[in-house]
Amino acid sequence: MDKFQKVISTGVPLPIEDIDTDQIIPARFLKATSREGFGDNLFRDWRYEQDGSPKADFVLNDQTFGGKVLVAGKNFGCGSSREHAAWSIHDYGFKVVVSSFFADIFKGNALNNGLLPVQVSDSFLQGLLDAITTNPSTEIEVDLVGQVISYNDQSESFEVNAYKKECLINGYDDIDYLINLKSEIEAYEASSIVI
């Protein structure tokens, strides 16, 4: 995974509540086992007409908005436990998803795949959505090390699992983390008494 310490980017507003994993990546696109290519079908049914042409009124098809931060409504990632939802968001190019509530399984899948879910208060989320909608060039700064998200003159701290934070900062998956501890593990094994 790529190392993640800070992202400064514009954002894409998606002020819809209860976005479930089937809306993020419909089940008919879950046949691949590789993580690549899922971004093409992110929000497929919302982005495209049945003939494959882009829907002009969907935010990902609006050239006004762009960036590495997706700002979504409350209860993001509910529904099934499909890891492909995190894959598709990350593969599309987002590094951060901001919401006032995440489904636990989605949050875990996101963190395991280099995507940072930033949970903020309802009022902070609404202010951020309003700021982006009013001025699409609004910069959002997400500081993982300091666990702070800010835009304009507003900021709020957010929680993140300490282990997952360390993995993201160093670009580790779970195996990389263990490999990083190899010398400590070997030292422990060498000092252990075998009975």
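One can find the structure itself at the top, above this paragraph.
In this report, we go over the structure that sits alongside the text.

About the thresholds
Residues numbered from 1 in each chain as written. Predicted model: local features only at pLDDT ≥ 70, side-chain atom pairs only at ≥ 80, totals over all residues. Heavy atoms only, no water. Helix = DSSP H or I, 4+ residues; strand = E, 2+ residues; numbered from the N terminus. Buried < 20%, exposed > 50% of the residue type's maximum accessible area, 1.4 Å probe, protein only. Contact = heavy atoms within 4.5 Å. Areas by Shrake-Rupley, 256 points an atom, 1.4 Å probe, with all protein chains shown as cover. Lys, Arg positive; Asp, Glu negative; His and termini not counted. Charge placed at Lys NZ, Arg CZ, Asp CG, Glu CD. Pairing = 2+ DSSP bridges. Axes fitted to C-alpha atoms, helices over the stretch in contact; angles between N-to-C directions. 1 Å grid on protein atoms, 1.4 Å probe; cavity = no way out; pocket = protein on both sides within 12 Å on 5 of 7 lines; lining within 4 Å. Points joined across faces, edges and corners; volume = space filled by probe spheres on them. Salt bridge = Lys/Arg side-chain N within 4 Å of Asp/Glu carboxyl O.

Regarding its fold elements, the chain presents eight helices and eight strands. Across its three principal directions, the C-alpha atoms of the chain cover 70 × 45 × 25 Å. Looking at the 195 residues of the chain, the share that counts as buried comes to 43%. Counting contacts in the chain only where the partners sit at least 6 residues apart, residues at least 24 apart contribute 65% of the total. Of the roughly 10400 Å² that the chain leaves accessible, carbon and sulfur atoms contribute 48%. On the chain, the mean spot of the 16 positive side-chain charges and the mean spot of the 30 negative ones are 4 Å from each other.

Looking now at the sheet that holds strand 1 (residues 6–9). With antiparallel pairing, four strands are arranged side by side in an open sheet as 1-6-7-8. Both outer strands of the open sheet, strand 1 and strand 8 (154–157), are each paired with one neighbouring strand and no more. Sheet twist, expressed as the average angle between the axes of neighbouring strands with direction ignored, equals 10°. Where strand 6 (residues 140–143) lies against strand 7 (residues 148–151), four bridges are found, and the strand directions are antiparallel. Along strand 7, the bridge assignment pairs aspartate 143 with valine 148. Contacting strand 6, strand 7 and strand 8, helix 5 (residues 122–134) runs over the sheet at an angle of about 40° to strand 7.

Approximately 290 Å³ is the volume attributed to the largest pocket. Along its surface, the largest pocket is lined by 16 residues, and Asp2, His90, Lys95, Asn113 and Gly114 are the ones closest to its centre. Looking at the lining of the largest pocket, the elements that each hand over two or more residues are strand 1 and helix 3 (84–92). Among the elements that take part in the lining of the largest pocket, helix 3 stands out by supplying three residues, more than any other.

On to the pattern of salt bridges. Charged atoms that come close allow side chains of opposite charge to pair. Enumeration according to the criterion identifies four salt bridges in this entry. Lysine 6 is the salt-bridge partner of glutamate 141, the closest N and O atoms lying 3.5 Å from each other. Highlighted residues: glutamate 141 in strand 6 and lysine 6 in strand 1, separated in sequence by 135 residues. Overall, glutamate 141 belongs to the partly exposed group, its relative accessible area being 26%. A salt bridge links aspartate 45 to arginine 28; the shortest N-O distance between them is 2.5 Å.

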